[in-house]
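One-letter residues, chain by chain:
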Amino acid sequence: MPKSPQSHLDPRQPLVVDTTKLPRQPGATRALNRVVPAPEDLGNEMISVPEGSDVTLDLSLTSVSEGVYVSGTVRGSLKGECGRCLNEIDKSFEVSLGEMFAYADSTTEETTDEDEVGRMQGDLFDLEPALRDAVVLTLPTTPLCRPDCPGLCPDCGVHFDDLPADHSHEAADPRWAALRNLTKPEE
């Protein structure tokens, strides 16, 4: 998970977590339940979490010897466009989140790469990169409004659900157009 190095975390930001009330004793646990506004660009080109919409965090913070392990679920709403028929998609999501945030003075600094494990700054850590990874990596690259979406007719662009069962387009090869006249009876 790529972590952007932050010079200073602001504890007033909704996705910055303060662990001062979580003892640094392995096994100590605290619940983190909050509703936060979705950050910008939380998704892909076809489907995403609308910026500022409510994202519900039901997480557990567990103190481990090297830092804080965060686990639980994230819920919210998605908006997008069907990759087959271009209809609007409006549905909810729920994803699991599990991420380790290492203490600044832990041995993980020597044993892991900088982007392998989240790093704490004092008693604070930024949950946004973990949230972004958990949500974006579960989104489909080609979302569908429903699993059996038939899409659009490639010739006329009308949704197949709106067309009769015998819908077709004459696809005559123009090189054979002169022969078509030979089979028609003369009038």
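Refer to the structure printed above.
Since the model is a prediction, treat every value here as computed from it, not as a measurement.

Enquirer: I'd like a rundown of the packing of aromatic side chains, residues and numbers included.
Expert: Scanning the entire structure with this criterion turns up one aromatic pair. The ring of Tyr103 carries Arg24 above its face, with NZ or CZ at 3.9 Å from the centroid.

Enquirer: Give a description of the pairing of strand β6 (residues 67-81) that names residues and reports values.
Expert: As defined by bridge partners, strand β4 (residues 47-49) adjoins β6 across two bridges and the pair is classed as antiparallel. From the neighbouring strand, Ser48 faces β6, where its bridge partner is Lys79. With nine bridges joining them, strand β5 (residues 54-64) and β6 adopt antiparallel strand pairing. Within the sheet, the bridge partner assigned to Leu59 lies in β6 and is Gly72.

Enquirer: For unusual backbone geometry, give the residues involved together with the corresponding values.
Expert: Phi is mostly negative for residues that are not glycine, and the peptide bonds are mostly trans. Located in the positive-phi region is Asp41, a residue other than glycine, with phi close to 55 degrees. For Asp41, a relative accessible area of 63% corresponds to the exposed category. Residues other than glycine seldom take positive phi values, yet Leu86 does so here, at roughly 70 degrees.

Enquirer: Tell me what's going on with the pattern of salt bridges, and back it up with residues and numbers.
Expert: All chains considered together, the criterion is met by seven salt bridges. Asp123 is the salt-bridge partner of Arg24, the closest N and O atoms lying 3.5 Å from each other. Taken together, the residues Arg24 in the loop between β1 (16-18) and β2 (29-37) and Asp123 in the loop between β8 (118-119) and β9 (124-126) connect sequence positions 99 residues apart. If you follow the salt bridges from partner to partner, you end up with Arg146, Asp148 and Asp161 in one network.

Conventions and cut-offs
Residues numbered from 1 in each chain as written. Predicted model: local features only at pLDDT ≥ 70, side-chain atom pairs only at ≥ 80, totals over all residues. Heavy atoms only, no water. Phe/Tyr/Trp six-rings, centres within 6.5 Å; stacked < 30°, edge-to-face > 60°. Lys NZ or Arg CZ within 6 Å of the ring centre and 35° of its normal. Pairing = 2+ DSSP bridges. Helix = DSSP H or I, 4+ residues; strand = E, 2+ residues; numbered from the N terminus. Buried < 20%, exposed > 50% of the residue type's maximum accessible area, 1.4 Å probe, protein only. Salt bridge = Lys/Arg side-chain N within 4 Å of Asp/Glu carboxyl O.

Without other data, these values stay purely geometric and don't point to any function.
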